[in-house]
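In case you want the letters, here they are:
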Amino acid sequence: MEVSAIVVSYNSQDRVERSVGALQESLGHLDHEILVVDNASSDRTVELAGKLLPGDCVIVNRQNLGFGQGVNRGLRAARGRYSLIMNDDVVLEPGSIDRLLGALRADAGIAVAGPLMVDAHGQQTHSARLWYPGWEEEWVRLTDIVLRRQRKAAYPGSCQEGLVEVKWLVAACMLGRTDVLRAIGGFNPAFFMYGEDIDFGRRLRALGYVSVTIPGARAVHEGGASTSTVWSDEDRMLRRARSRDTYYRMWVRRPSRMLLNLRRTLGFRNQPLRLRYFLPRVIYDGPSLRKLRFPDPIKPDLRVSEVQEGTLDESSPSSTDGGEPRNP
């Protein structure tokens, strides 16, 4: 099989039919399968997905395992040579799949390729980065805020026709080699949501693989469609901050993390919250997580029926409130 499309859903009854229908149209000329991995939706998402897809293509988790672990469930069941990872609020424009496939077929060193993502109005959104988060990026970002200038250097341009090598891709839409994605362990279970794509890109690069974006391929991304229904803006900020903390504790040494948290106390939004959250972390932000940087490989061919029944293996993060993962 050529392509396995993995769509992670959560309370997506108003999006899942459009998402699956658009994928069926985009992939219709290829030998493909579409897998919907549902993270314990409380609405009609599973029912609606089941009307569009064979029963073994709808994988239902008893708990909300987060985006990354939802993808990993799909990678276990995927039969395609390539795996298309998708949010349920992303729609690829015509011809984009073929452009992404063309890049992977042409160069065995490319592990993942992503499209240029735009919003509903056609404005470019953040789909890839040319550097990793770190103290240099944070201080440059603060300077740009103070000087009221756009920070364009960190993002690929939209006018290029070829491919652009990047440090990491936003996980809302990317196409990768299934064997490589499994070999590196998929997305790190230390992340529930946000930050898993940064860590993913960094692991790929550390192991000698390349990530690229193809500006000629485009995807419309609504953004935050699921999280906005259950989390406030303040909740999302805190969750992003916690995920970034996890990333820094994996990849950045303690002295640099002190500077990072000092910078993060300063900003024009949610300043009281920033002070309460980040200032204590200048002093101590927790132990190093470097040992968690490279998770175990994903074993393929997990029986889908077991996943549908909610069987969880011991390595999966647990969640008592359907939100935070087990503390790594």
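Summarised in this report is the structure supplied together with it. (Residues numbered from 1 in each chain as written. Predicted model: local features only at pLDDT ≥ 70, side-chain atom pairs only at ≥ 80, totals over all residues. Heavy atoms only, no water.)

**Let's talk about the overall build of the protein chain**
Here is step 1 of the chain: What the protein chain contains, in helices and strands, is 11 helices and 11 strands.
Here is step 2 of the chain: Counting across all 328 residues of the protein chain, residues that qualify as buried make up 54%.
Here is step 3 of the chain: A fraction of 80% describes how many contacts in the protein chain between residues 6 or more apart in sequence connect residues 24 or more apart.
Here is step 4 of the chain: About 15,200 Å² of surface is accessible on the protein chain, with carbon and sulfur atoms providing 51% of the total. (Helix = DSSP H or I, 4+ residues; strand = E, 2+ residues; numbered from the N terminus. Buried < 20%, exposed > 50% of the residue type's maximum accessible area, 1.4 Å probe, protein only. Contact = heavy atoms within 4.5 Å. Areas by Shrake-Rupley, 256 points an atom, 1.4 Å probe, with all protein chains shown as cover.)

**Notes on a nonpolar patch on the surface**
Here is step 1 of the chain: On the surface, a nonpolar cluster with roughly 370 Å² of combined accessible area is contributed by W135, W139, L259 and L262.
Here is step 2 of the chain: Mapped by element, the contributors of at least two residues to the nonpolar patch are helix 5 (135–147) and helix 9 (254–264).
Here is step 3 of the chain: Topologically, W139 is positioned in helix 5.
Here is step 4 of the chain: Looking at W139, the relative accessible area reads 31%, which means it is partly exposed. (Patch = residues over 30% accessible without salt bridge, like charges linked within 9 Å, V, L, I, M, F, W, Y side chains within 5 Å. Salt bridge = Lys/Arg side-chain N within 4 Å of Asp/Glu carboxyl O.)

**What about the nonpolar core?**
Here is step 1 of the chain: Core analysis: the largest hydrophobic core is formed by 74 residues, its most contacted members being L23, L27, L84, M86, C173, L175 and F200.
Here is step 2 of the chain: When sequence neighbours within four positions are dropped, the list of residues in contact with L84 reads V3, S4, A5, I6, L23, L92, I97, C173, M174 and L175.
Here is step 3 of the chain: Core analysis: the second largest hydrophobic core is formed by 6 residues, M237, L238, A241 and L273 among them. (Core = buried A, V, L, I, M, F, W, Y, C linked by side-chain atoms within 4.5 Å.)

**Here's the deal with the pairing of strand 4 (residues 82–87)**
Here is step 1 of the chain: Among the 6 residues in strand 4, 6 count as buried, and that is most of the element.
Here is step 2 of the chain: Along strand 4, one buried face is formed by Y82, L84 and M86 and the opposite face, lined by S83, I85 and N87, is buried too.
Here is step 3 of the chain: Examined bridge by bridge, strand 1 (residues 3–9) and strand 4 share 6 bridges and lie parallel to one another. If you follow V3 over to strand 4, its bridge partner there is Y82.
Here is step 4 of the chain: Taken together, the 5 bridges between strand 4 and strand 10 (residues 173–177) define a ladder with antiparallel strand orientation. Looking at the pairing, Y82 lines up with R177 of strand 10. (Pairing = 2+ DSSP bridges.)

**Things to note about unusual backbone geometry**
Here is step 1 of the chain: In the Ramachandran plot, N11 falls in the positive-phi region, its phi being about 50 degrees despite a non-glycine side chain.
Here is step 2 of the chain: Along the chain, N11 turns up in the loop between strand 1 and helix 1 (16–27).
Here is step 3 of the chain: Take N11: its relative accessible area is 18%, and that puts it in the buried class.

**As for the packing of helix 8 (residues 233–251) against helix 9**
Here is step 1 of the chain: Direction vectors running N to C along helix 8 and helix 9 enclose 160 degrees, while the axes themselves pass 11 Å from each other. The pairing of helix 8 with helix 9 is recorded here as roughly antiparallel in orientation. Note that helix 8 runs across helix 9; the crossing there is right-handed. For the pair helix 8 and helix 9, the contacting residues are A241, R244, D245, Y248 and R249 in the first and R257, L260, N261 and R264 in the second.
Here is step 2 of the chain: For the contact of helix 8 with helix 9, the per-class residue count stands at 3 nonpolar, 1 polar and 5 charged. (Axes fitted to C-alpha atoms, helices over the stretch in contact; angles between N-to-C directions. Parallel < 35°, antiparallel > 145°, perpendicular 65-115°, else oblique. Left-handed = near helix turned anticlockwise from the far one by under 90°. Nonpolar A, V, L, I, M, F, W, Y, C, P; charged D, E, K, R; others polar.)

**Some details on the side chain of D89**
Here is step 1 of the chain: With respect to the helices, strands and loops of the structure, D89 is situated in the loop between strand 4 and strand 5 (90–92).
Here is step 2 of the chain: Put simply, D89 is tucked away with no salt bridge, and the nearest opposite charge, on R15, sits 5.6 Å away.
Here is step 3 of the chain: Side chain to side chain, D89 and H221 meet in a polar contact 3.4 Å long. (Lys, Arg positive; Asp, Glu negative; His and termini not counted. Polar contact = N/O pair within 3.5 Å; in protein donor to acceptor, adjacent residues only side chain to side chain.)

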